[in-house]
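Given next are the chains, with one letter for each unit.
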6 protein chains.
Amino acid sequence: MSKLTHIDGDGAAHMVDVGGKADTVREAHAEGRIAMKLELLEAIKANAMKKGDVLATARIAGIMAAKKTSDLIPLCHPLALTKVAVDFTFLEDGIKVSSMARLTGKTGVEMEALTACSVALLTIYDMSKAMQKDMVISDIRLLSKNGGKSGDWTVE
Amino acid sequence: MSKLTHIDGDGAAHMVDVGGKADTVREAHAEGRIAMKLELLEAIKANAMKKGDVLATARIAGIMAAKKTSDLIPLCHPLALTKVAVDFTFLEDGIKVSSMARLTGKTGVEMEALTACSVALLTIYDMSKAMQKDMVISDIRLLSKNGGKSGDWTVE
Amino acid sequence: MSKLTHIDGDGAAHMVDVGGKADTVREAHAEGRIAMKLELLEAIKANAMKKGDVLATARIAGIMAAKKTSDLIPLCHPLALTKVAVDFTFLEDGIKVSSMARLTGKTGVEMEALTACSVALLTIYDMSKAMQKDMVISDIRLLSKNGGKSGDWTVE
Amino acid sequence: MSKLTHIDGDGAAHMVDVGGKADTVREAHAEGRIAMKLELLEAIKANAMKKGDVLATARIAGIMAAKKTSDLIPLCHPLALTKVAVDFTFLEDGIKVSSMARLTGKTGVEMEALTACSVALLTIYDMSKAMQKDMVISDIRLLSKNGGKSGDWTVE
Amino acid sequence: MSKLTHIDGDGAAHMVDVGGKADTVREAHAEGRIAMKLELLEAIKANAMKKGDVLATARIAGIMAAKKTSDLIPLCHPLALTKVAVDFTFLEDGIKVSSMARLTGKTGVEMEALTACSVALLTIYDMSKAMQKDMVISDIRLLSKNGGKSGDWTVE
Amino acid sequence: MSKLTHIDGDGAAHMVDVGGKADTVREAHAEGRIAMKLELLEAIKANAMKKGDVLATARIAGIMAAKKTSDLIPLCHPLALTKVAVDFTFLEDGIKVSSMARLTGKTGVEMEALTACSVALLTIYDMSKAMQKDMVISDIRLLSKNGGKSGDWTVE
């Protein structure tokens with residue numbers, strides 16, 4: 001069975017050595033969604049059609065958060081991301097956030113994609129909470145990862 | 001109908017003025033959960049009984065992230081938090097993260113509690129992803145907020 | 001003659017003591033501008049009318065930078081800003097950035113307003129430099145400050 | 001006509017992919033100036049001859065800011081700068097700040113040089129504002145960039 | 001016997017609640033020293049007499065680090081420091097760093113003074129390590145703390 | 001005699017150019033210790049045997065601080081660390097902290113190892129200071145460095 005690689009034999013946390021890994025193109029995609037009442041969703045949509053600031057702000061927040069991943073997640077390596085993107089899809093009862101991160105480097109960018117997605121969702125909550133406090137953020141998950149020795153992976 | 005307070009009449013984002021608000025004790029509670037397979041949950045539990053590093057690391061990450069909230073969420077005010085706590089409950093199919101933040105100040109700490117919770121969940125994912133990539137983070141939501149002019153609020 | 005207050009008798013830099021100052025409402029306004037060719041200005045304008053992303057991004061960057069002022073300017077005090085705003089005016093040959101910062105606290109927010117303005121201008125440069133590299137950023141200056149013992153000040 | 005590369009077809013901001021670019025030596029030079037009254041300029045000069053702290057502090061602030069560029073400018077890539085330098089020239093009516101940044105990497109360092117210059121200028125303002133509030137920061141511009149596929153560029 | 005206040009009954013780390021504490025003036029002083037060979041000490045002294053850059057840089061680094069304390073030490077509260085100062089004394093075999101921090105607030109600033117001191121010492125090491133690698137940093141300790149309910153304390 | 005490489009001919013600080021250096025595996029080890037009274041040491045040990053949170057927190061703080069080194073030490077280059085580890089040894093009168101950092105890159109990681117060690121020690125102080133204020137941090141030093149043109153070095 002595979003092990004928890006961030007914990008050594010004595011149970012102590014450490015940043016695992018990725019120095020021996022090859023520099024390859026690595027990419028990860030993630031998504032998540034926030035559920036809200038129709039009235040709020042319509043307000044964001046209307047705004048999006050005019051100036052788009054809730055989503056524009058959430059997009060910037062997500063991109064900037066991807067760059068802070070190693071500052072937020074204790075055992076993540078600092079990475080020189082080559083691309084980050086965040087997109088939005090309107091659902092019937094909320095908004096879906098899709099994110100991707102890409103790197104030519106020694107370790108995967110799953111956490112960068114997931115962090116971008118999470119912070120974009122939190123930003124939508126922040127900018128909308130005056131209208132609804134019981135929004136729920138759900139289904140944050142990795143969709144796929146490519147590159148690296150462990151190979152490609154796509155969620156079923 | 002209440003409005004999106006972070007957007008002015010022209011749709012431009014701004015950090016709303018909280019200078020006129022009173023300094024009162026404000027507190028917020030949030031929670032979320034991460035679903036994982038039993039084998040992984042047992043590994044974290046076993047570890048928790050020994051040295052607890054996955055959860056100890058996630059706890060520290062969540063507390064530190066609460067302090068970074070205004071650096072992550074574009075329109076959040078910088079706040080001098082007086083208390084932050086993060087706790088864990090083992091569920092049948094995963095782990096629940098509960099967080100709280102407290103402040104004596106001019107604005108609420110909902111985003112600080114939600115950010116602590118989200119980053120603790122991401123840290124659990126990061127430290128466990130070698131064993132399972134399709135974990136899902138869900139049900140991140142505000143449980144309650146207290147203090148301030150808008151009064152107390154508890155999720156139904 | 002007034003002295004350079006960040007340097008003591010021996011010429012050593014230090015963060016001056018503001019502990020004895022009263023908590024009053026303090027506000028500062030600043031502005032600056034970036035000159036560009038007409039073709040680029042029109043592209044930004046056209047974009048602004050559709051989705052406004054150059055200016056929306058610059059606005060968010062300016063607001064977030066105001067919150068980082070004490071992290072950038074070595075002798076600035078960390079401050080709990082209560083409001084930050086950044087606005088744009090189209091000029092004949094470029095864009096004017098106007099910024100303001102407000103605080104209930106012990107020291108002025110001139111540097112916060114100036115930093116918001118500077119970083120918003122740099123962000124416009126960054127997002128436009130593929131079209132023009134010789135844009136020039138000029139006339140960054142304080143317009144007014146209010147509050148505090150030293151009284152109000154407005155540029156002539 | 002060249003396009004605003006940070007904005008996609010739908011007007012959404014994103015961090016452009018530089019993964020396909022080659023690792024080459026890239027260098028950028030920038031400059032700017034701050035105008036001040038003679039009395040203040042003489043005070044800084046006298047100080048510079050003794051301990052140099054206004055300029056020493058501004059120099060350190062500029063160098064450290066270059067390293068924070070991707071944290072300040074939303075769509076800048078995180079870069080492993082190999083050199084940063086900031087210098088000063090006394091003008092008749094103020095101080096000129098010259099900056100340079102160098103990298104072996106996949107994208108240019110124009111923003112790093114411009115950010116170093118801007119923050120050094122803001123630091124001079126901060127350390128001098130007790131003596132003069134109406135100083136003006138001007139003529140921040142890129143002087144040259146070298147390296148990369150788009151070739152070398154020098155301001156006319 | 002007094003307890004480890006950052007650990008609750010279950011041994012879990014948390015940021016202790018200081019919300020009930022009064023806003024009083026709090027101050028802390030700390031010191032530490034770095035031992036080096038005479039040749040290096042003389043080089044720093046000579047430099048200090050000319051432009052002082054090793055010590056000027058270490059001073060700025062220490063002051064800026066004090067402002068980052070809550071970002072470095074996991075359970076420290078974010079604080080609005082009102083004053084920070086770092087000074088140097090030449091010893092026979094090295095340099096002594098003295099630091100102080102002051103706050104009008106709800107909790108002590110011991111960690112801010114100790115962090116300023118530690119980072120100033122590390123900066124001296126960094127700027128001098130080309131000449132000597134076996135410098136030793138020692139005797140970092142709190143000298144005194146004032147203010148707050150627990151009263152004043154001075155090292156014996 | 002070797003020179004202070006961070007200072008140029010005119011005494012001005014700058015970030016030295018490492019662009020011409022080769023990408024090699026570089027590693028550094030450092031250590032330091034904190035002296036405390038027996039009663040406190042036993043309390044930490046007892047806790048370590050149960051949940052280990054003082055040391056688990058200090059470990060995380062040290063690892064995260066290594067990643068912030070270039071943000072703390074003004075002239076350090078930003079580096080993509082490939083491994084960081086922090087360990088603890090109980091001494092008769094305190095705790096020894098051992099740290100290591102590894103990189104495939106153009107410059108050494110001595111400061112990263114020393115920063116991890118210093119911040120882990122400060123965190124132990126912070127979490128224990130309710131029981132003892134006159135703990136002393138000492139003997140922070142580099143143990144060895146490997147890789148790079150200047151060759152390997154081990155403390156005598």
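Calculation rules
Residues numbered from 1 in each chain as written. Chains lettered and ligands numbered in written order. Predicted model: local features only at pLDDT ≥ 70, side-chain atom pairs only at ≥ 80, totals over all residues. Heavy atoms only, no water. Least-squares fit on C-alpha atoms with pLDDT ≥ 70 in both. Contact = heavy atoms within 4.5 Å. Buried area = accessible area lost by both parts, 1.4 Å probe. Salt bridge = Lys/Arg side-chain N within 4 Å of Asp/Glu carboxyl O. Helix = DSSP H or I, 4+ residues; strand = E, 2+ residues; numbered from the N terminus. Axes fitted to C-alpha atoms, helices over the stretch in contact; angles between N-to-C directions. Left-handed = near helix turned anticlockwise from the far one by under 90°. UniProt positions renumbered as here; feature names shortened; annotations may be inferred. Buried < 20%, exposed > 50% of the residue type's maximum accessible area, 1.4 Å probe, protein only. 1 Å grid on protein atoms, 1.4 Å probe; cavity = no way out; pocket = protein on both sides within 12 Å on 5 of 7 lines; lining within 4 Å. Points joined across faces, edges and corners; volume = space filled by probe spheres on them. Core = buried A, V, L, I, M, F, W, Y, C linked by side-chain atoms within 4.5 Å.

> Is there a simple way to explain the relation of the copies chain E and chain F in this structure?
For the pair of chain copies, the relating transformation is a rotation about an axis with a translation along it. Screw-axis analysis of chain E against chain F gives a translation of 0.0 Å along the axis, an RMSD of 0.0 Å, and a rotation angle of 180 degrees. The symmetry that links the two subunits is that of a two-fold axis. Among all residues of chain E, the minimum C-alpha distance to the rotation axis is found for S138(E), at 1.9 Å. Both copies share a contact surface, since 100% of the interface residues of chain E are interface residues in chain F too.

> What is the right way to read the interface of chain D and chain F from this model?
Frequently, the measure chosen for interface size is the accessible area that the parts lose on association. Contact residues are listed per partner, giving 15 residues for chain D and 18 residues for chain F. A buried area of about 1300 Å², summed over both sides, lies between chain D and chain F, and 59% of it is on carbon and sulfur atoms. Together, M64(D), K67(D) and T82(D) form the three largest contributors to the area buried by chain D at its contact with chain F, with a combined 38%. Counting across the chain D and chain F interface gives 2 salt bridges. Where R102(D) meets D17(F), a salt bridge forms, and the shortest distance between an N and an O atom there is 2.1 Å. At the level of secondary structure, the elements contributing two or more residues to the side of chain D that touches chain F comprise helix 2 (53-67), strand 2 (83-91) and strand 3 (94-105) of chain D.

> Help me understand the relation of the copies chain D and chain F in this model?
Between chain D and chain F, which share one sequence, the superposing operator has a rotation angle of 120 degrees and an axial displacement of 0.0 Å; the RMSD is 0.0 Å. Taken together, the turn and the small shift mark the pair as related by a three-fold rotation axis. Measuring from the rotation axis to each C-alpha of chain D, the shortest distance belongs to A80(D), at 4.4 Å.

> Is there a simple way to explain the interface of chain E and chain F in this structure?
Listed as interface residues are 57 residues of chain E and, on the opposing side, 57 residues of chain F. Across the interface of chain E and chain F, roughly 4700 Å² is buried in total on both sides, 70% from carbon and sulfur atoms. Of all residues in chain E, L4(E), L122(E) and K133(E) bury the most surface against chain F, accounting for 13% of the area lost on that side. Across the contact surface, chain E and chain F share 2 salt bridges. Residue D71(E) pairs with K68(F) through a salt bridge whose shortest N-O separation is 3.5 Å.

> Mind showing me how you'd approach the packing of helix 2 (residues 53-67) of chain B against helix 4 (residues 110-128) of chain B here?
Between two packed helices, both the angle of their axes relative to each other and the distance between the axes serve to describe the pair. Residue and element names in this part refer to chain B. At their nearest, the axes of helix 2 and helix 4 sit 7 Å apart, and the two run at 145 degrees to each other. Every pair of crossing elements has a handedness; the one defined by helix 2 and helix 4 is right-handed. Side by side, helix 2 and helix 4 meet where D53, V54, L55, T57, A58, A61, G62, A65 and A66 of the first sit next to E112, T115, A116, V119, A120, T123, I124 and M127 of the second.

> Hey, could you run me through the UniProt feature "active site" (unreviewed entry) in chain A in this one?
Sequence positions flagged by UniProt for "active site" (unreviewed entry) are, in local numbering, D126(A). When its relative accessible area of 2% is taken as the criterion, D126(A) is described as buried. Discounting residues that sit within four places of it in the chain, D126(A) has contacts with H6(B), I73(B), L75(B), C76(B) and M111(B).

> In this structure, what is going on with the side chain of K129(C)? I would like to understand it.
The topology assignment puts K129(C) in the loop between helix 4 (110-128) and strand 4 (136-146). When its relative accessible area of 17% is taken as the criterion, K129(C) is described as buried. Among residues more than four places away in sequence, those in contact with K129(C) are M135(C), H6(D), E110(D) and M111(D).

> Would you mind going over empty space enclosed by the protein with me for this structure?
Where empty space is left can be seen by rolling a probe of water-molecule size over the atoms. Enumeration over the complete set of coordinates arrives at 1 cavity of 30 Å³ or more. Approximately 30 Å³ is the volume found for the largest cavity. Taken together, L72(A), T115(A), S118(A), V119(A), L122(A), S118(B), V119(B) and L122(B) make up the full set of residues lining the largest cavity. Taken together, the elements giving at least two residues each to the lining of the largest cavity come down to helix 4 (110-128) of chain A together with helix 4 of chain B.

> Teacher, can you tell me more about the environment of S138(E) here?
Within the element layout of this structure, S138(E) appears in strand 4 (residues 136-146). For S138(E), a relative accessible area of 8% puts it in the buried group. Put simply, S138(E) and H6(E) are 132 residues apart on the chain and 26 Å apart in space, counted from C-alpha to C-alpha. Those residues in contact with S138(E) that lie beyond four places of it in its chain are G32(E), R33(E), I137(F), S138(F) and D139(F).

> In this structure, what is going on with the UniProt feature "binding site: substrate" (unreviewed entry) in chain A? I would like to understand it.
UniProt feature "binding site: substrate" (unreviewed entry): in the numbering of this structure it lies at L75(A), C76(A), H77(A), M111(A) and E112(A). These annotated residues cover 38 residues of sequence, and their C-alpha atoms lie no more than 12.6 Å from one another, placing them together at a single site. A relative accessible area of 7% places C76(A) in the buried class. Excluding residues within four positions of it along the chain, C76(A) makes contact with M15(A), T69(A), S70(A), M111(A), D126(B) and K67(F). One can find M111(A) in helix 4. M111(A) sits in the buried class, given a relative accessible area of 2%. Those residues in contact with M111(A), other than ones at most four positions away along the chain, are T69(A), C76(A), L122(B), Y125(B), D126(B) and K129(B).

> Could you clarify how one ought to interpret the arrangement of the chains in this entry?
Chain A shows no contact with chain E. Their nearest C-alpha atoms sit 10 Å apart. Regarding chain C and chain F, the two do not touch, and the least distance separating their C-alpha atoms is 10 Å.

> Just to check I follow, could you spell out the nonpolar core for this structure?
Looking at soluble globular proteins, one finds that nonpolar side chains tend to be buried together. Of all hydrophobic cores here, the largest spans 307 residues; its most connected members are I124(A), I124(B), I124(C), I124(D), I124(E) and I124(F). Ignoring any residue separated from it by four or fewer positions in sequence, one finds I124(E) in contact with I34(E), M36(E), I44(E), L55(E), A58(E), F88(E), I95(E) and V97(E).

> What am I meant to see in the pattern of salt bridges here?
Where charged atoms from two side chains of opposite charge come close, those side chains can pair. Evaluation of the coordinates by the stated rule reveals 72 salt bridges over all chains. Here K96(A) and E31(A) are joined by a salt bridge, their closest N and O atoms 3.7 Å apart. Of this pair, K96(A) sits in strand 3 (residues 94-105) while E31(A) sits in strand 1 (residues 24-35), and the two are 65 residues apart along the sequence. According to the relative accessible area criterion, K96(A) is partly exposed, its value standing at 25%. On the basis of relative accessibility, which here comes to 13%, the residue E31(A) falls in the buried class. The network of salt bridges with shared partners includes K68(A), D71(B), K68(C) and D71(D).

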